[in-house]
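# A look at the structure
Residue-level listing of the chains:
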Amino acid sequence: MSNNVIQSIEQNKLVRKGKRGILRIVFGRTMVILVLLALQFVLMFMGLYHLFQYLPLLFGGVVTFTGVMLLYVLNTRDNPSVKLSWCIVISILPVFGALLYFFVRFDLGHRVVRRMVEKTVRESAAFLPAQPELLTEASAEDKNLGNLAHYLKENGNFSVYTNTRVTYFPLGERKFEEMCRQLEQAEKFIFMEYFSIGPGYMWDTLLDILSRKAAQGVEVRVMYDGMCAVANLPYNYPQALKMLGIQSKMFSPVRPMVSTHYNNRDHRKILVIDGRVAFTGGVNLEDRYINRETVYGHWKDTAVMLEGDAAQGFTMLFLQMWNYDEKEPVYVPYLALPQPPVPAPGYVIPYGDTPTDDEHVGEMVYLNILNQAKDYVYIMTPYLILDNEMVTALQFAARRGVDVRLILPHIPDKKYAFALARSHYAELIGAGVRIYEYTPGFVHAKVFLSDDLQAVVGTINLDYRSLYLHFECAAYLYGVPALADIRRDFQQTLEKSQCITMEDVKKLPFFTKLSGKLLKVIAPLM
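Here's what I pulled together on the structure shown here. (Residues numbered from 1 in each chain as written. Predicted model: local features only at pLDDT ≥ 70, side-chain atom pairs only at ≥ 80, totals over all residues. Heavy atoms only, no water.)

With mixed pairing, eight strands are arranged side by side in an open sheet as E9-E16-E15-E14-E10-E11-E12-E17. Two strands bound the open sheet, and with one partner strand each, they are strand E9 (347–353) and strand E17 (497–500). Sheet twist, expressed as the mean angle between neighbouring strand axes with direction ignored, is 20°. Where E9 and strand E16 (residues 472–478) come together, seven bridges link them in antiparallel fashion. Note on E16: the bridge partner recorded for Pro350 is Ala475. (Pairing = 2+ DSSP bridges. Helix = DSSP H or I, 4+ residues; strand = E, 2+ residues; numbered from the N terminus. Axes fitted to C-alpha atoms, helices over the stretch in contact; angles between N-to-C directions.)

So, in structure tokens, the structure goes:
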């Protein structure tokens with residue numbers, strides 16, 4: 001690596017915090033919301049001043065307009081919680097609410113991207129095997145497993161795999177160490193797709209390996225979400241990586257004013273090496289994820305490594321996103337690489353979720369686990385911003401005797417999200433759900449474990465963004481030995497966590513309770 005390139009990379013990494021704050025306002029909905037609110041009040045005062053004599057007519061027009069808007073919203077195919085939130089906003093502020101609704105609905109910043117991704121996902125379906133034998137085998141093993149495998153195949157073309165060894169990492173540090181070891185062994189290709197990349201020890205270490213591998217002839221591709229250009233990396237960072245021999249893309253770069261930039265982000269975390277090994281989980285490529293940087297106390301995160309056939313599923317997930325803007329997308333050379341057999345018990349289903357369709361795969365898998373559980377469901381999640389379906393499923397599982405436990409952060413990264421999470425505590429604890437807060441710091445893990453039989457480790461949070469708006473991914477695990485490691489980690493994390501009781505909920509600060517209740521009204525829109 002030349003000194004000029006190193007100097008260029010290092011200079012590009014220096015992003016000032018003040019600049020980040022300004023960019024977050026300019027790029028996206030914050031500025032649009034301010035403009036629309038100003039327009040609401042300007043029109044209101046102009047109407048009162050110039051059209052006072054026509055006030056009854058004006059009032060009637062506003063009422064009629066609001067009624068029409070409410071009928072329109074209520075007849076969309078959105079989640080009922082989302083509809084309710086929009087109806088409240090539009091009823092209180094008709095002009096602002098209606099304009100904001102159509103701004104978000106039309107999704108100016110992502111509409112074209114969504115269509116392109118949807119087309120790529122549809123066209124790529126032909127490149128994975130139908131696997132009727134494996135589906136039959138899975139169904140014979142467990143009818144519930146077979147039904148879920150059928151659902152994922154029919155509603156996303158996600159294949160079920162055997163012959164896959166699963167390694168569970170209870171901390172980001174452990175995943176990082178293994179990532180480095182596996183990257184050093186790469187011979188053919190390295191595919192990386194991450195929501196967030198940030199300058200620091202972790203990314204510098206990985207970048208050194210990637211640049212050396214590229215120099216050795218390994219094909220290296222790095223894809224990250226466009227929000228990084230606002231928060232962490234310079235806009236021209238892909239060009240800087242190209243100078244190192246690394247192919248790179250930003251997914252859906254944010255645009256000033258016209259971008260609903262919080263929607264439809266690529267929240268996935270995928271690393272695939274030579275089609276033989278794949279990683280996923282909650283760990284992004286920033287120092288806080290491996291506790292090199294402490295901002296919210298100890299950062300608790302998790303990940304899995306898949307060695308064997310199931311790595312192919314994550315190769316496909318990566319290629320679908322990478323190829324969305326390619327004129328001649330290529331799949332076969334990466335999916336058809338011969339791999340040594342990895343005999344291992346159990347079944348693995350790599351799957352993704354996209355906002356380009358009306359199928360909420362991530363939520364459906366979680367609901368299936370809750371509804372099928374017999375003994376217990378253990379959950380780790382950083383956020384708890386729930387719709388009625390998820391609240392009902394958690395309550396029903398607990399009420400029919402299933403041991404339902406959730407571990408959430410004690411030190412929040414977003415105070416509004418923390419207040420929203422705590423607004424659900426009373427209704428869940430009252431139904432028998434046990435809630436714990438991880439006292440050393442922040443839980444970023446996204447884990448479901450049930451009955452020592454099945455688990456999910458991936459990127460999907462229990463909030464509206466993950467379940468409805470973002471591109472996500474996860475690994476569904478059935479009957480694999482690593483389930484014992486997941487349970488052990490949950491129990492050890494539980495020992496470091498505080499059990500929240502009804503008395504604790506009653507003692508929450510008044511402002512926390514009030515803000516949680518108020519934010520709950522518009523939670524689906526946040």
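After that view, the rundown keeps rolling.
Time to look at the packing of helix H10 (residues 172–184) against helix H11 (residues 201–215). Orientation of H10 relative to H11, taken along the N-to-C sense of each, is 10°, at an axis distance of 10 Å. Judged on the interaxial angle alone, H11 and H10 are roughly parallel. For the pair H10 and H11, contact is made by Phe176, Met179, Cys180, Leu183 and Glu184 and by Tyr201, Met202, Thr205, Leu206, Ile209, Leu210, Arg212 and Lys213, respectively. In terms of residue class, the contact of H10 with H11 is made up of nine nonpolar, one polar and three charged. (Parallel < 35°, antiparallel > 145°, perpendicular 65-115°, else oblique. Contact = heavy atoms within 4.5 Å. Nonpolar A, V, L, I, M, F, W, Y, C, P; charged D, E, K, R; others polar.)

Here we take up unusual backbone geometry. With a phi angle near 55°, Asp274 is a residue other than glycine that sits in the positive phi range. Here Asp274 shows up in the loop between strand E5 (269–273) and strand E6 (277–281). Taking the relative accessible area as the measure of exposure, Asp274 reaches 6% and is therefore buried. (Buried < 20%, exposed > 50% of the residue type's maximum accessible area, 1.4 Å probe, protein only.)

Next up on the list: the pairing of strand E15 (residues 454–458). With five of five residues buried, E15 is to be regarded as a mostly interior element. Between strand E14 (residues 447–450) and the antiparallel strand that follows it, E15, lie three residues; Asp451 among them carries a positive phi value of about 60°.

Relative to the assigned elements, Thr76 resides in the loop between helix H4 (55–74) and helix H5 (80–92). Discounting residues that sit within four places of it in the chain, Thr76 has contacts with Lys83, Tyr101 and Arg105.

Direction vectors running N to C along helix H9 (residues 143–154) and helix H16 (residues 361–372) enclose 170°, while the axes themselves pass 11 Å from each other. Between H9 and H16, the angle falls in the class roughly antiparallel. Judged by residue contacts, Asn144, Leu148, Tyr151 and Leu152 of H9 engage Val361, Met364, Val365, Asn368 and Gln372 from H16. Partitioning the contact of H9 with H16 into residue classes produces six nonpolar, three polar and no charged.

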